[in-house]
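# Structural features, examined
Here is what each chain is made of, one letter per residue.
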Amino acid sequence: MSLSASDKETVKLFWKKVAGKQEDVGSNALCRMMTVYPQTKTYFAHWNDLSSNSPYVRKHGKTVMNGIGEAVKKIDDLDGGLLALSELHAFQLRVDPTNFKILSHNILVVLAIMFPDEFTPVAHVAVDKFLQAVSKALAEKYR
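Residues numbered from 1 in each chain as written. Predicted model: local features only at pLDDT ≥ 70, side-chain atom pairs only at ≥ 80, totals over all residues. Heavy atoms only, no water.

### Let's talk about the overall build of the protein chain
Secondary structure assignment for the protein chain yields seven helices and zero strands. Along the protein chain, from the amino end to the carboxyl end, the secondary structure elements read α-α-α-α-α-α-α. Whereas a compact globule of 143 residues would reach a radius of gyration of roughly 15 Å, the protein chain reaches 14 Å, a difference of no more than 12%. Overall, the protein chain is about 40 × 35 × 20 Å in size when its C-alpha atoms are taken along their principal axes. Sorting the 143 residues of the protein chain into buried and exposed places 43% on the buried side. Counted over contacts in the protein chain with a minimum sequence separation of 6, partners at least 24 positions apart contribute 77%. Carbon together with sulfur atoms contributes 55% to the accessible area of the protein chain, which is approximately 7,900 Å² in total. Taken as two groups, the 18 positive and 15 negative side-chain charges of the protein chain have centres that lie 2 Å from each other. (Helix = DSSP H or I, 4+ residues; strand = E, 2+ residues; numbered from the N terminus. Rg over C-alpha atoms; globule rule 2.2 N^0.38 Å. Buried < 20%, exposed > 50% of the residue type's maximum accessible area, 1.4 Å probe, protein only. Contact = heavy atoms within 4.5 Å. Areas by Shrake-Rupley, 256 points an atom, 1.4 Å probe, with all protein chains shown as cover. Lys, Arg positive; Asp, Glu negative; His and termini not counted. Charge placed at Lys NZ, Arg CZ, Asp CG, Glu CD.)

### Brief notes about the pattern of salt bridges
Side chains that differ in charge, positive against negative, can pair when their charged atoms come close. Under the counting rule described, the total for this entry stands at five salt bridges. Taken together, the shared-partner salt bridges connect Glu23, Asp24 and Arg58 into one network. (Salt bridge = Lys/Arg side-chain N within 4 Å of Asp/Glu carboxyl O.)

### A short note on helix H6 (residues 98–114)
Taking 1.5 Å of rise per residue, 17 residues should cover 24 Å, and H6 covers 25 Å from first to last C-alpha, within 8% of that figure. Along H6, the positions that sit buried rather than exposed are Asn99, Phe100, Ile102, Leu103, Ser104, Asn106, Ile107, Leu108, Val110 and Leu111. (Expected span 1.5 Å × (residues − 1).)

### Quick notes on the nonpolar core
It is characteristic of soluble globular proteins that their nonpolar side chains tend to be buried jointly. In terms of nonpolar packing, the biggest core is built from 40 residues, with Phe14, Trp15, Leu111, Val127 and Phe130 touching the most fellow members. Of all the secondary structure elements, the ones that give two or more residues to this core are helix H1 (5–18), helix H2 (22–36), helix H3 (55–73), H6 and helix H7 (121–138). Take this core: its biggest share by element is nine residues, from H7. Apart from the residues within four sequence positions on either side, phenylalanine 14 is in contact with Leu111, Phe115, Glu118, Phe119, Ala123 and Val127. (Core = buried A, V, L, I, M, F, W, Y, C linked by side-chain atoms within 4.5 Å.)

### Observations concerning the side chain of asparagine 106
Relative to the elements of secondary structure, asparagine 106 occurs in helix H6. Separated by 2.8 Å, the side chain of asparagine 106 and the backbone oxygen of isoleucine 102 make a polar contact. Beyond its immediate sequence surroundings of up to four residues, asparagine 106 is in contact with Ala29, Arg32, Met33 and Tyr37. (Polar contact = N/O pair within 3.5 Å; in protein donor to acceptor, adjacent residues only side chain to side chain.)

### Description of the packing of aromatic side chains
One pass over the structure, following the stated rule, counts five aromatic pairs. Where tryptophan 47 meets tyrosine 56, the ring centres are 5.8 Å apart and the plane angle is 15°; that geometry is what we call stacked. By relative accessible area, tryptophan 47 is classed as buried at 13%. Taken together, the aromatic side chains of Phe14, Phe115 and Phe119 make up a single cluster linked through ring pairs. (Phe/Tyr/Trp six-rings, centres within 6.5 Å; stacked < 30°, edge-to-face > 60°.)

Written out as structure tokens, the structure is:
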């Protein structure tokens, strides 16, 4: 599923609203993912607190969302723009690429909760397509 020019513009405009709330969005999405999909906890077994207020979860949530913010800036070349992150997740961290889709879904849920007025059906479709494209780009080095 490719992103149209309209999708890209919608994502860029919506992401401006997320700015400043990356840590909250990311930590809530990670916490939700680990609760709903407990198999994803295996990557974070060394954390003694997996709640959304945990300093570990908040820090990693912010890191994830900052990475997605960088992807927004590189929206015209996600494969090239996310190559280093793809290599990191494939070769060093060895994250199952299925988890990118799982986290993307949880990010969508959190965005809908935190931005009920701004996360319109048009924004939802565009951001969903964008996160799918990010997941695909991150999985590139697994092939």
